[in-house]
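Structural overview for review
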Amino acid sequence: MTDNEFMATYRIVSTRGRVYSRDMLLNAATRTPVARACKVPRRDIRAVLDDPKFMRPLAGMVPARVVEEAVMEAIGRTAVKP
C-alpha cells in the first residue's frame, strides 16, 4: 500500500487538519518516551502500522492515539516472540 492509499484508507487526521502518512506516524512513534524506554525497534512499529487488521479499528482517530496504540502493540508482539 502506498502512502497516498494509506492516507486515503485510514484518514489519520490531526486536530489541525493535517493528514498523517505511515512514515509520519512511524517517526512520531519512535520519538515517544515509551518506545525509547523499551527500545522498540522501528521495524516492529512499521510492521504494526502495515497490519490492516490492527489499523482498521483506528481509522479516523487522531495521530497521538494511533501512535500510542502502535507502540504498545509492537511491545506486545515482541514480548510474545520466543
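Conventions and cut-offs
Residues numbered from 1 in each chain as written. Predicted model: local features only at pLDDT ≥ 70, side-chain atom pairs only at ≥ 80, totals over all residues. Heavy atoms only, no water. Helix = DSSP H or I, 4+ residues; strand = E, 2+ residues; numbered from the N terminus. Buried < 20%, exposed > 50% of the residue type's maximum accessible area, 1.4 Å probe, protein only. Core = buried A, V, L, I, M, F, W, Y, C linked by side-chain atoms within 4.5 Å. Contact = heavy atoms within 4.5 Å.

Quick word on unusual backbone geometry
Located in the positive-phi region is arginine 11, a residue other than glycine, with phi close to 45°. Note on placement: arginine 11 falls in the loop between α1 (3-10) and α2 (22-30). Despite not being glycine, lysine 39 shows a phi value in the positive range, around 55°. With respect to the helices and strands, the residue lysine 39 is situated in the loop between α3 (33-38) and α4 (42-50). Judged by relative accessible area, lysine 39 falls into the exposed class, the value being 69%.

As for the nonpolar core
As a rule of thumb, nonpolar side chains are buried together in soluble globular proteins. Core analysis: the biggest nonpolar cluster contains 21 residues, and Ile12, Leu25, Ile45, Leu49, Phe54, Met55 and Val66 have the highest contact counts within it. Secondary-structure elements contributing two or more residues to this core are α1, α2, α4, α5 (52-55) and α6 (63-80). Apart from residues no more than four positions distant in its own chain, methionine 55 is found in contact with Phe6, Tyr10, Ile12, Val48, Leu49 and Val66.

Take it as geometry only, folks, not as evidence of what the structure does.
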